[in-house]
Amino acid sequence: MSTAPVAELRADTDVDQLCINTIRTLSIDAIEQAKSGHPGTPMALAPLVYTLWNRAMQFDPQDPIWPNRDRFVLSNGHASMLLWSLLHLTRTTAVNSDYERLGQPAVTLDDIRHFRQLDSRAPGHPEYGWVSGVETTTGPLGQGVATSVGMAIAEKWLAHRYNRAGFEIFNYNIYAVCGDGCLMEGISSEAASLAGHLGLDNLCWIFDNNHITNITFTEDVAARFLAYGWNVLRIGDANDIDRIEHTLQVFCRTKDRPTIIVLDSHIGYGSPNKQGTAAAHGEPLGDAEARLTKRYYGWPEDAKFLVPPGVYDHFADGVGARGAKARREWANLCVQYRIKYRDLAGEIDRLERRDLPAGWERNLPVFPADPKGMAGREASGRVLNVLAENIPWFLGGSADLGPSNKTVLANAGDFQANNPGGRNLHFGIREHAMAAIVSGLCLSKLRAFGATFFIFSDYARPAMRLSALMELPAIYIFTHDAMGDGEDGPTHQPVEHLASLRAIPGLVTMRPGDANEVVECYRHIMRLQHEPAVLALSRQALPTLDRNKYAPASGVAHGAYVLADPPEGRPDVILIASGSELSLAVQAHEKLIADGIRSRVVSMPSWDIFENQTRKYRNSVLPPDVVARVAIEQASTFGWERYIGESGRIIGMETFGASAPLKALQKKFGFEPDRVVLVAKELLGGGSA
Ligand SMILES: Cc1ncc(C[n+]2csc(CCOP(=O)(O)OP(=O)(O)O)c2C)c(N)n1
Ligand SMILES: [Mg+2]
């Protein structure tokens, strides 16, 4: 290594190296300035991302949401400075939430100077929606690669539906960069297994094999991915950009299976004292070491945030020119396509804007009153099938529980390698990857759902949380929402799940009380463009309420509504319930009315939606002066205090459930009409529970 101080850029540096070292030094400087961040991986992977972006990817910085762009996912999100450097150096432009191009840069040099500071477009980790050019939010390791599988499925599906002879409207690739951490996380195994099965040859993962941040990852990654059915390639030197370019070309030529490129790298490359050590992973190099590193790169040691002449131009000539040409050609193709295939072009326009087709609500069922009723999952299945008929790009599936979840779409085909137009996705028993894949589908603008038993939402939660953070309209259909499958016992009975999902900001959680409420929940959910939603549905039949006698189910749109009231006068007591407990509340209500007690029933399928109503509306449903309130829900009591106040009571779960027939459980845990009546009377000062 050279030890002489460097005051000016070495004149003989070739332009590739200049660009690569610009990415490296911007990363180093930003992290120094922020006094926090992860410099080592950007230093190691700068040649990779430089080559990928400037020599391989079809991406137009002038329009980072061009539908046929290649996708880039930085699954090792801690290396975010790679992405901020790229977005800055390629002069990627910003787009707003109305999909308008703003003309201003997505990431300015000033943003990079304020890396990790409030309001900077260079936050700690890649954040979808906050920074244009970020394809998905990453940071929790493994999420990015799993989401990339959803993107790859979406591309296959889009290509199959919309491409026609001579009209390759969709033919893009998905590149995901990941580290040891991503591959250690179980979600990557789930996702890779499915990607291998589906033969997703539009998908390329690049594994940063640096052997450093862990001491327990000794498996043979190449053998593992070979076993999944992937094409496994290797690059022995992360600085060999010609080799990187060549290997990416091999990926592009590989058919019928996804590719993983194992890239041997040195974390903190160029740092004389920290290269190859864990110290380069997660803390600034320090001023002295930063100088030594710059010296090694032939970079002026005093320079900070330096972008040497020629660097912007070189990116403009590379990815900029290639992307602009590709987008121009695509736009020309679309002009002809629009003439020849007007309807298909119209569909693409709509789905890209997250709009629904005209008539999407056509034939949604209205269920007649029926004391025996219908299971929530059954009603959901009926609705899903209508929606799938009306919305061509509505698709989804279950984690191996399709017939139980009632999510099978009749006549819609199964998505498989040899049937990429199928709309029934079979995720296998891979709930975590399923949720990330649903996000990948949503990021690709398809309307997608994933399903499993409510209890196993635990296995999906980290990816669901990210969908909320990204403001994606993902749909999670969770059946067996309480103790309905009693005999399965406490391992299968959700208790804290509603509370826990209600606590995720931006996630709309809904638990409908009868078949018509299920329909109304979907009506609400389908209109969401920027919020994910959970449907918690019963396994067992619930009475379909007589809507001539009780209020219409359209009240669901308010989150909570008055279902039943006393014949006259202000209510003495309010019974609040969701899901399977709604009909229980109604039964108790009828008994109370018969006993001369003025009771009201509030159906509350969604706290989240109710919270967003005006105070006036909320007070009309739950009048502040009616303090005798009983909440009934077969779930943790946690949080219900907010609606029942100081003097109310909750009939809920304080413990895990038990294995027994449902009736026995309802008795044991007190979900019976007489118990509700007793509690209500006790609140009103009579009877004792
Ligand atoms: C799910 C999850 N667990 C832990 C972390 C904290 N974390 C961030 S980076 C990192 C080390 C990852 O190692 P590797 O992927 O090899 O990254 P490298 O240091 O090689 O860039 C850890 C544990 C995280 N971001 N996500
Ligand atoms: Mg590593």
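None of the values given here were measured: they were computed from a predicted structure. (Residues numbered from 1 in each chain as written. Chains lettered and ligands numbered in written order. Predicted model: local features only at pLDDT ≥ 70, side-chain atom pairs only at ≥ 80, totals over all residues. Heavy atoms only, no water.)

**Student:** Would you explain the overall build of the protein in this entry?
**Tutor:** The number of helices and strands found in the protein is 24 helices and 20 strands. Relative to the globule expectation of 26 Å for 689 residues, the C-alpha radius of gyration of the protein, 28 Å, shows essentially globular dimensions. Along the three orthogonal principal directions, the C-alpha set of the protein runs to about 95 × 60 × 45 Å. Looking at the 689 residues of the protein, the share that counts as buried comes to 62%. A total of about 26000 Å² of accessible surface is found on the protein, and carbon and sulfur atoms cover 50% of it. Here the protein contributes 68 positively and 79 negatively charged side chains, and the mean placements of these two sets differ by 4 Å. (Helix = DSSP H or I, 4+ residues; strand = E, 2+ residues; numbered from the N terminus. Rg over C-alpha atoms; globule rule 2.2 N^0.38 Å. Buried < 20%, exposed > 50% of the residue type's maximum accessible area, 1.4 Å probe, protein only. Areas by Shrake-Rupley, 256 points an atom, 1.4 Å probe, with all protein chains shown as cover. Lys, Arg positive; Asp, Glu negative; His and termini not counted. Charge placed at Lys NZ, Arg CZ, Asp CG, Glu CD.)

**Student:** Please clarify how unusual backbone geometry should be interpreted in this entry.
**Tutor:** Backbone geometry follows two general trends: most residues other than glycine have a negative phi, and most peptide bonds adopt the trans configuration. Positive phi is not limited to glycine here, since Tyr-99 has a value of about 65°. With respect to the element layout, Tyr-99 can be found in the loop between β2 (93-95) and β3 (101-105). With relative accessibility at 25%, the residue Tyr-99 sits in the partly exposed group. A positive phi angle, close to 60°, is found at Lys-406, a residue other than glycine.

**Student:** What's the story with the environment of Arg-253 in this structure? I'm lost.
**Tutor:** The residue Arg-253 is located in helix α9 (residues 241-253) in this model. Residue classification places Arg-253 among the exposed residues on the basis of a relative accessible area of 55%. The spatial distance from the C-alpha of Arg-253 to the C-alpha of Asp-201 is 9.0 Å, given a sequence separation of 52 residues.

**Student:** Whenever I open this one, the coordination of the magnesium ion (ligand 2) confuses me. Can you help?
**Tutor:** As a benchmark, a tetrahedral metal site with four donors has ideal angles of 109.5 degrees, while an octahedral site with six donors has ideal angles of 90 or 180 degrees. With distances of 1.9 to 2.2 Å, the protein atoms coordinating the magnesium ion (ligand 2) are Asp-180 (OD) and Asn-210 (OD1). You can see Asp-180 sitting in helix α6 (residues 180-184) and its partner Asn-210 sitting in the loop between β5 (203-209) and α8 (221-227), a full 30 residues away along the chain. Considered together, Asp-180 and Asn-210 belong to a single accessibility category, that of buried residues. (Donors = N, O, S within 2.8 Å, 3.2 Å for Na, K, Ca; no water.)

**Student:** Can you help me understand helix α3 (residues 80-89) in this one?
**Tutor:** For the α-helix, the turn length of 3.6 residues means that residues three or four positions removed from each other point alike. Counting buried residues along α3, 10 of its 10 residues qualify, which places the element largely inside the surrounding structure. Among all positions in α3, only Ser-80, Met-81, Leu-82, Leu-83, Trp-84, Ser-85, Leu-86, Leu-87, His-88 and Leu-89 are buried. Contact partners of the buried residues in α3: α1 (15-34), α2 (40-56), β1 (71-74), α4 (109-113) and α11 (311-340). (Contact = heavy atoms within 4.5 Å.)

**Student:** Looking at this structure, I do not really get the pattern of salt bridges. What am I missing?
**Tutor:** Side chains that differ in sign of charge can pair as their charged atoms come close. Tallied over the entire structure, the rule returns 37 salt bridges. A salt bridge links Arg-291 to Asp-287; the shortest N-O distance between them is 3.6 Å. Here the residue Arg-291 and the residue Asp-287 both occupy positions in helix α10 (residues 287-297), the gap between them amounting to four residues, near one helical turn. Residue classification places Arg-291 among the partly exposed residues on the basis of a relative accessible area of 29%. Of the residues examined, Asp-287 reaches a relative accessible area of 47% and is grouped as partly exposed. The residue Lys-591 makes a salt bridge to Asp-674 at a minimum N-O spacing of 3.1 Å. Note that Lys-591 is positioned in helix α19 (residues 581-594) and Asp-674 in helix α24 (residues 673-683), a separation of 83 residues in sequence. The partly exposed category is assigned to Lys-591, whose relative accessible area is 37%. On the basis of relative accessible area, Asp-674 is assigned to the partly exposed category, the value being 49%. Each of Asp-287, Arg-291, Arg-295, Glu-301 and Asp-302 takes part in salt bridges that share partners, so that together they form one network. (Salt bridge = Lys/Arg side-chain N within 4 Å of Asp/Glu carboxyl O.)

**Student:** Is there a simple way to think about the packing of α19 against α24 in this case?
**Tutor:** Contact geometry of α19 with α24 gives a least axis separation of 8 Å together with a crossing angle of 55°. For the element pair α19 / α24, the angle class is oblique. Here α19 and α24 pass one another in a crossing that is right-handed. Of α24, the residues touching α19 (which contributes Leu-584, Gln-587, Ala-588, Lys-591 and Leu-592) are Pro-673, Asp-674, Val-676, Val-677, Ala-680 and Lys-681. Residue composition of the contact of α19 with α24, grouped by class: seven nonpolar, one polar and three charged. (Axes fitted to C-alpha atoms, helices over the stretch in contact; angles between N-to-C directions. Parallel < 35°, antiparallel > 145°, perpendicular 65-115°, else oblique. Left-handed = near helix turned anticlockwise from the far one by under 90°. Nonpolar A, V, L, I, M, F, W, Y, C, P; charged D, E, K, R; others polar.)

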